[in-house]
There are 2 protein chains.
Amino acid sequence: MVGERKGRYVVALGGNALIPPGAAGTAEEQMLQVRGAAAQLAPLAAEGVELVVTHGNGPQVGNLLVKNELARAVVPAMPLDWCVAQTQATIGLAIQAALEWELRRLGTGRRVVVVLTRVLVDPLDPRRLEFSKPIGGRVTEQDATARADDRHRYAAQPGGGWRRVVPSPEPVAILEEAEIRHLLDSGAVVVAAGGGGVPVEEGAEGRYFGVEAVIDKDLTAALLARHLDADALVILTDAPGATINFGRPDQRLLERVTPAILRGFQAAGHFSDGSMGPKVEAALRFVEGGGGRAVIAHLDDARQALAGEAGTQVIQK
Amino acid sequence: MVGERKGRYVVALGGNALIPPGAAGTAEEQMLQVRGAAAQLAPLAAEGVELVVTHGNGPQVGNLLVKNELARAVVPAMPLDWCVAQTQATIGLAIQAALEWELRRLGTGRRVVVVLTRVLVDPLDPRRLEFSKPIGGRVTEQDATARADDRHRYAAQPGGGWRRVVPSPEPVAILEEAEIRHLLDSGAVVVAAGGGGVPVEEGAEGRYFGVEAVIDKDLTAALLARHLDADALVILTDAPGATINFGRPDQRLLERVTPAILRGFQAAGHFSDGSMGPKVEAALRFVEGGGGRAVIAHLDDARQALAGEAGTQVIQK
C-alpha cells in the first residue's frame, strides 16, 4: 500500500493560519484567513496525497472561556474539554469549507471531513499535575482569587495580571485513530485532533473522562503522524523555521538538519520559547520514531516546504 | 449485504434524553442524563445492529446564543451555524462517552465516533425566507429592537417577551453521508447530524456557505435514514408516541398505523403542535419513501419500541 500511494502527510496549522494578527476572531475573519492555508494544501490533495489537517485553537478557546465567565450567572460554564471540542467544530468547519472550495476549483471531487477527536492522557504523567499552561485572558488578582477552586487555578503573569493555568500533559493515544484511518482510506481529507485533541483520562471500568487540561497541538500532531505511518509531518506557523541564536547577529535558520544535530541545539537552549520549543520537539519525535521527514515552515511557504525547498527540514540522514 | 446485517437503525434523541426537565444544562447534568439513552441503545449495538445516533440541541444552542449576547462587547459572537456545530461537538462527546461505557460493560469493543455534519438547504425553499422558528431566550421589546438587523429578527411571543426567530428550511442533502456510511461499514456506531445538521447553502462555484437557520432534527433524521437505507427510523422523545384527540377524554395512543391512516390524522390536525408535528412528518416521510418502519416512542421505552412492542409503529402494511 505504501508503494501505491502518493504519500500521506499530517499538516499542523497554527497561529496566523486561523486568526490574523490583532484580529478579534470573528467567524468571517477565520473563514477568510484560512483560505491562505487551503490554497497551499489543496493542490497536494488534488494530486492524490493523503492529507490529515490538524490545527491550534489558542485564541478561540480563550474566547470561549471569556464567554463562560461573562455568562456564568445565567447559563452554565462548560468544562475545558468541551470548549476544546467546540473549537474543533468551528475551526473544523472553516478549514473544511476553504479546502473543499479550493478542491472544487481544481476540479477534484475529493471530500473533506471533520472528526471529533479525543486524545488520551496519563493520570500519572507528572505534567498532568503541573499547572503550567496559561489560557484565556488576563484578570485582576482579586478576580483570580475569587474564581480559583480545585479545578480552576490562576497564576500571576509576567507583564502583569493573572491568567488561568492548566496542566499540559503528554498525548498518549489518539482515540479516533482507527476512524481517521478508515476515512483516509476512503479518499477523504481528514481534519482531526484540533487544539491538541479533547483531553480524556481512562477511569475505572474503562470509562473515559474529560480533563481540565490542554494538550500541545504539535505533540499531538507528531503522535498522530507516527500512528498513521505518515511520510511527513508538516508544522506550519508564522516563523520561517527553527532558528538558532535567535535574535542575535549570528542567528541562522536551520534548513536541513538531522535529529541528532537538532537535539544538540535543543539541549543548548536554542528553542526555549513556548512556541518553537514544542514544534522542534514534535519534529524530533516524529523522525526519531521512524518518520521520514518533519518540516517546520512559514504558512506562506507551505508548498515549497512540502517540496523540501523551504523551512526547516528534519531528516534522518 | 442487507441479508448479512442485523439491521441498520437511525435513532433520534430529543428532549429529556439530554437535559433533565428544569435543569440548567451543565455538562455534568447532560453526561448523566444521556446515560439512560445509552443503556437502552448499547445492547442493540452489542448485538451487531448498525446504529446512527442523532440528537436535538434546542436548550444547548439557546445557551450559546445567551453567551454570544452577554459577551459580545468583549469577544465576537459566533454565527448560528457555528453554534449548531458547537452543540454537535459537546452533545456528541456526551453521547459518545455514555455509549462507549455501556458497550464496554457489555464486553464489546464496538467504537463510537462523532462526525461533524452539514446539511444542505435550498436558497429557494419558501421556508428559507420565513422567520418562523423561535430560538434562544426571551428578551424585552426594547432589546429586540436594538438587536434586530438583516440577519437577526425578533418576534413577540405568546405569553410575553420577544425571541429571536430564524428560518427552518427543509433538509435537502446530508453532506457527510458518504463518510457516515464508511464509518458504519467499519463497524463504528456513528453520532451525526446533531441539531438537524449545520445548515449550509451552495453558492457560486460550488462553495458552501453557512446560513442563519435551524433545520428540524427529526426531518434531518428521516432524510439520513432514507439515504442510508436504514431498516428503521426511531424517534425517542418524552411522549409515549403519537396520540390522537390529545388532551380530550377520548385521546388514544396510536400503536400500529399505516402511513395512509397517519396522513389522515395529520391532515385532520391531530399533531399540530411544534413537537409531535415534525416527528409524525418525519416518520411518514421515511416509510412513504420506502423505509421499513418508523417508531415514535418514549425514551424509557426505547428497547420495547425497537422490538415493536411500544410507542407508535408506522409500518406500510
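In this text, all values refer to a predicted model and were calculated from it rather than measured experimentally.

About the thresholds
Residues numbered from 1 in each chain as written. Chains lettered and ligands numbered in written order. Predicted model: local features only at pLDDT ≥ 70, side-chain atom pairs only at ≥ 80, totals over all residues. Heavy atoms only, no water. Helix = DSSP H or I, 4+ residues; strand = E, 2+ residues; numbered from the N terminus. Rg over C-alpha atoms; globule rule 2.2 N^0.38 Å. Buried < 20%, exposed > 50% of the residue type's maximum accessible area, 1.4 Å probe, protein only. Contact = heavy atoms within 4.5 Å. Areas by Shrake-Rupley, 256 points an atom, 1.4 Å probe, with all protein chains shown as cover. Least-squares fit on C-alpha atoms with pLDDT ≥ 70 in both. Pairing = 2+ DSSP bridges. Axes fitted to C-alpha atoms, helices over the stretch in contact; angles between N-to-C directions. Phe/Tyr/Trp six-rings, centres within 6.5 Å; stacked < 30°, edge-to-face > 60°. Lys NZ or Arg CZ within 6 Å of the ring centre and 35° of its normal. Parallel < 35°, antiparallel > 145°, perpendicular 65-115°, else oblique. Left-handed = near helix turned anticlockwise from the far one by under 90°. Nonpolar A, V, L, I, M, F, W, Y, C, P; charged D, E, K, R; others polar.

Visitor: Just give me the short version of the overall build of chain A, but keep the residues and values in it.
Guide: Check the secondary structure of chain A and you find nine helices and 17 strands. The C-alpha atoms of chain A give 19 Å as radius of gyration, which agrees with the globular expectation for 317 residues (20 Å, within 12%). Projecting the C-alpha coordinates of chain A onto the three principal axes gives extents of approximately 55 × 45 × 45 Å. For chain A, the residues scored as buried account for 59% of the 317 residues in total. In chain A, the share of contacts with a sequence separation of at least 24, taken over all contacts with a separation of at least 6, comes to 72%. Summing over all exposed atoms, chain A offers an accessible surface of approximately 12400 Å²; the carbon and sulfur share of this is 52%.

Visitor: Give me the relation of the copies chain B and chain A: which residues, what numbers.
Guide: The relation between the two chain copies is a rotation about an axis coupled with a shift along that axis. Placing chain B over chain A gives an RMSD of 0.0 Å and needs a rotation angle of 180°, together with 0.0 Å of translation along the axis. The transformation relating the two chain copies, once decomposed into turn and shift, fits a two-fold axis. Interface overlap between copies is the fraction of interface residues in one copy that are interface residues in the other; for chain B against chain A it reaches 100%, indicating a shared surface.

Visitor: Let's hear about the sheet that holds strand E5 (residues 133-139) of chain B: which residues, and what values?
Guide: Two orientations exist for strands paired in a sheet by backbone hydrogen bonds: parallel and antiparallel. Residue and element names in this part refer to chain B. An order of E5-E7-E6 is seen for the three strands of this open sheet, with the pairing classed as antiparallel. The two strands at the open ends of the sheet, each matched to only one other strand, are E5 and strand E6 (153-156). Across the sheet, the mean angle from the axis of one strand to that of its neighbour is 40°, orientation sign disregarded. Two strands pair when backbone bridges link them, and E6 and strand E7 (residues 162-166) are joined in this way by four bridges, in the antiparallel orientation.

Visitor: Describe the packing of aromatic side chains, listing the residues and the values that go with them.
Guide: Tallied over the entire structure, the rule returns zero aromatic pairs over all chains. Cation over ring: Arg-207 of chain A sits above Trp-101 of chain B, and NZ or CZ is 4.0 Å from the ring centre.

Visitor: Break down the pairing of strand E3 (residues 112-115) of chain A for me, citing the residues and quoting the values.
Guide: Residue and element names in this part refer to chain A. Burial along E3 is two-sided: Val-112 and Val-114 and Val-113 and Val-115, pointing in opposite directions, are all buried. Where E3 lies against strand E9 (residues 189-192), four bridges are found, and the strand directions are parallel. Its bridge partner being in E9, Val-115 is matched across the sheet by Ala-192.

Visitor: Could you give me a rundown of the packing of helix H6 (residues 217-227) of chain A against helix H8 (residues 276-288) of chain A, with the residues and numbers involved?
Guide: Residue and element names in this part refer to chain A. Where H6 contacts H8, the two axes come as close as 8 Å, and the packing angle between them is 10°. One element, H6, and the other, H8, form an angle in the roughly parallel class. Of the two elements, H6 crosses H8, and the hand of that crossing is right-handed. Between H6 and H8, the contacting residues are Lys-217, Asp-218, Leu-219, Ala-222, Ala-225 and Arg-226 on the first element and Pro-278, Lys-279, Glu-281, Ala-282, Arg-285 and Phe-286 on the second. The residue inventory of the contact of H6 with H8, partitioned by class, reads six nonpolar, no polar and six charged.

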